[in-house]
Each structure stands twice: as C-alpha cells, then as structure tokens.
Amino acid sequence: MEHVTPIYILSGFLGSGKTTLLSRMIAYWKAQGLRPAIVMNEIGEVNIDGLIAGENVPTAEMLSGCICCSIRADLTSEIAMLVQNEKPDVIVIEATGIANPMEILDAVAEASLYMRMDVKKLITVVDTAHLLHLSVEQKGKTYRLMQEQIRSASVLLLNKTDRVSAAEKDAMERFVHRWNPYAPILPTERCDVNLDELLGSLPDHENHPVMPRHSAEQEADEPQGRAVPEGVEDQIQPESSHAEHSHHSHDHVMSYTYYFSRPVNSEEFENFIAGLPRDVYRAKGVLTFSDTNSRFLFQYAFRESDFMKITPQGRVPDVVVFIGEHFNKSVLQAELEALEGKRTSV
Ligand SMILES: Nc1nc2c(ncn2[C@@H]2O[C@H](COP(=O)(O)OP(=O)(O)OP(=O)(O)O)[C@@H](O)[C@H]2O)c(=O)[nH]1
C-alpha cells in the first residue's frame, strides 16, 4: 500500500497573503493530528516567513531564486527528501510572489513521475487593493504576472478586502471572474476562510485505497498520481502556457538583503520606510529597535507596513530583505548605514 501525498500550491503576488494563509492551513491540519510539511521558496537569501509558518513543521527552504525558473530543478529533490525523511500527510508549496504557477505545476508534474503525489489545489491569493490599483492602467509586468497567477488558479482568495470599499470589492470580483471563470472566488480579510471548504478532507493514511503496483516498465512510463488539479488544464490560456514568455515575465525583479549590526531607532526606521522608492514593492525582516524592549517582525507590502512582536527561537539575525524593480541598492545601503550611525548623513 503506497501513500499518495496530497500537494497544495500557494501562488499570489508578493505580499498578497500567502504566508498568512499558510499558517492558517498548518494550524488547521495540526489540530486534526495531521503532519503537514512545507516547501518554502524565497528570492531573497533569508527565510523570514519561516518564523511565521509555525514550529515543528518540516520545511524545505529554497532560497535565492524562484522555483518556477532558476532553481526549478531542485523542487523535485526537495519534495523527494521531504516525503522520504518526514513522511508528511500533506505538503504545501509556497512559491515566491513572482513565480508563474504554471511552471510550478510543470515541475510538480515532473516530480510525480518519481513519487506518488496528487496536486489537490492551486490556490492564488490576490491583494485586492493592489489589483484595483493596477487595473486602472491595465499594463505593466506586475499586472501581467498577477493575471497569469489568477488565470491558473483552481481557487482564488480575494484577500485584503479591508483595504477597499464594498463596491470596489464587488468590481474586483467581477474583474477577476472574467480572467478565470472556472475558479471559485472567496473574498477574505487576512485569509480568514472556511478551511473545510477550501481544503476538503485529506485521505486517511491507514485507509487510503490500495493503488495496484505497476510493473517497473509501466512505472517508468506513467505518471503516478494526478499532478494537475482537476479543471486546471482547461484554464490554461495560450499566453500563460508559453514557457519563454513566463520566464521573462519576472526577470526584472531584484532583491537586496541588509544585515544590521546594531539596533536602530524605531521612528527613524519608519521614516526610512515611508520614503522607500516606489520601485521597492516588498520588504520584510527582523529588527531590534534601540527604543523598545522587544524584537519585531517587520512587513511592508504595497505601501502598508506592519510590525509584530516576536521572540524568535535560536539565533536569528537582524535583517531586512527588499524586493522590487531596478532600485538602487547602494542608496538603500547608505540610508540603512546612516540609521545605524555608521554614516553621519546620506
Ligand atoms: N490589511 C491587510 N493586511 C493583510 C491581510 N492579509 C495579510 N496582510 C498583511 O500583508 C503582509 C504580507 O502578508 P504575507 O502573508 O506575508 O504575504 P505573502 O504573500 O506571503 O508575501 P511574500 O511571501 O513576500 O510574497 C503582512 O504584513 C500581513 O499581515 C489583509 O487581509 N489585510
């Protein structure tokens, strides 16, 4: 009897709420006594989201690249190692916010040639306020990438509805439905969604139906388990199925990681964030302030910042990762060094 590992793929632009949803999913399965595992992908060199996702969850970290392209080949081996070493009941793949989900589905399909797995859902989380903003001009690389992420979803969370009016939310629901008429659309705040409905039940380990073993020859030829969620193939638009196009859709995104060597003043840091160039559209990190007692997890997404008190386990450096397009790293570095008092002014 061979266990088929259910897989959920989380997609959505940078800062849309994927990790917020992931931590809800993990808590949900843990409460049922199940053992989830995570594949977490960051384009930066540190995994800040790992601090949020929950303790004691086996996690494969894939850093400094995007699983849909530069480190895509590693995905198969990361999944294989998780399955072999941890025997999880379910795996969630959280892609970087710049990933094209069709490429990830492709990579998972490759992995399913070697392991029994079943992609249950491809969930795309949308920052409603951000999409509303981009829908005015209806152009640009971020807009096109969001469109691809929405088109390939089997279910859509229209998140951050607290940042738009009721009429805007309704308009965005209609807008998104035109791009993807197949996926159910669930409007949410902080990804607060009925998880029974979203995730469905997982097959029980013990009672999972026996899959007849194939001959070695058959196994080499046939994919084992369904790699693509039902209905997803039908939704693939010609535009998003073209690998070359997809790869080029986020070549422009860059990241910069800054490690702090001393605490900084909280107000000065907030002023620095308020003055970030528009080209920096996501930042996250861990900070110690000179004027507070606690450490903070810092988040910045589509011009909104958030600070949460944390007590990280083990050695976690003070660090911030900035993600955006064509911004000047040395200008940021100079400003951050000035905050630390390493420079008198910028
Ligand atoms: N106002 C508001 N903020 C939210 C909502 N959902 C999530 N956030 C905040 O948005 C920020 C980004 O959320 P994450 O869950 O980290 O987003 P993400 O998609 O995982 O981000 P990346 O991993 O960088 O792509 C955090 O500060 C969240 O607390 C929401 O519904 N409303």
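Annotation of the chain in UniProt includes, under Catalytic activity (unreviewed entry), the sentence "GTP + H2O = GDP + phosphate + H(+)".

Caption draft 1: Summary view of the domain arrangement of the chain. Per the domain assignment, the segments of the chain are domain 1 (5–248) and domain 2 (253–339). With 13 residues of domain 1 at the interface, the matching set in domain 2 holds 16 residues. Taken together, the residues that form the side of domain 1 that touches domain 2 break down as seven nonpolar, four polar and two charged.

Caption draft 2: Here's a closer look at the site of the ligand. For the ligand, the set of nearby residues contains 21 residues, the closest of which are Lys18, Thr19, Thr20, Gly97 and Gln299. Contributing elements (two or more residues each) for the shell around the ligand: α1 (18–31) and β10 (295–301). Take the shell around the ligand: its biggest share by element is three residues, from α1. For the shell around the ligand, a count of residues per class yields three nonpolar, nine polar and nine charged. Built from parts of two domains, the shell around the ligand gets at least three residues from each of domain 1 (5–248) and domain 2 (253–339).

Caption draft 3: A look at unusual backbone geometry. With phi around 55°, Gln138 is a residue other than glycine that occupies positive phi space. Looking at the element boundaries, Gln138 is found in the loop between α4 (128–137) and α5 (141–151). The exposure class of Gln138 is exposed, given the 10 C-beta atoms found within 10 Å. Even without being glycine, Phe302 reaches a positive phi, approximately 40°. Of the residues examined, Phe302 has 18 C-beta atoms within 10 Å and is grouped as partly exposed.

Caption draft 4: Looking closely at helix α3 (residues 101–111). Burial runs high along α3: eight of the 11 residues are buried. Listed in full, the buried residues belonging to α3 are Pro101, Met102, Glu103, Ile104, Leu105, Ala107, Val108 and Ala111.

Caption draft 5: Just the pairing of strand β11 (residues 304–310), in detail. One ladder, built from seven bridges, connects β10 with β11; its direction is antiparallel. Note on β11: the bridge partner recorded for Phe298 is Phe307. Taking the residues between adjacent antiparallel strands as the criterion, β10 and β11 are bridged by two residues, where Phe302 takes a positive phi near 40°.

Caption draft 6: Structural context of the sheet that holds β10. The antiparallel open sheet is built from five strands, whose spatial order is β8-β12-β9-β10-β11. One side of each edge strand has no neighbouring strand; the edge strands of this open sheet are β8 (253–259) and β11. This sheet shows a mean twist of 10° between the axes of neighbouring strands, independent of strand direction.

Caption draft 7: Main features of the packing of α4 against helix α6 (residues 166–179). Taken N-terminus to C-terminus, the directions of α4 and α6 make an angle of 75°; their axes are 10 Å apart at the nearest point. As the angle between them shows, α4 and α6 are arranged roughly perpendicular. Contacts between α4 and α6 pair Thr128, Leu131, Leu132 and Ser135 from the former with Glu168, Lys169, Met172 and Phe175 from the latter. Residues of the contact of α4 with α6, tallied by class, amount to four nonpolar, two polar and two charged.

Thresholds applied
- Residues numbered from 1 in each chain as written.
- Predicted model: local features only at pLDDT ≥ 70, side-chain atom pairs only at ≥ 80, totals over all residues.
- UniProt positions renumbered as here; feature names shortened; annotations may be inferred.
- Domains from an automatic or database assignment.
- Contact = placed C-beta atoms within 7 Å.
- Nonpolar A, V, L, I, M, F, W, Y, C, P; charged D, E, K, R; others polar.
- Near = placed C-beta within 6 Å.
- Helix = DSSP H or I, 4+ residues; strand = E, 2+ residues; numbered from the N terminus.
- Buried ≥ 20, exposed ≤ 12 C-beta atoms within 10 Å, placed from the backbone.
- Pairing = 2+ DSSP bridges.
- Axes fitted to C-alpha atoms, helices over the stretch in contact; angles between N-to-C directions.
- Parallel < 35°, antiparallel > 145°, perpendicular 65-115°, else oblique.

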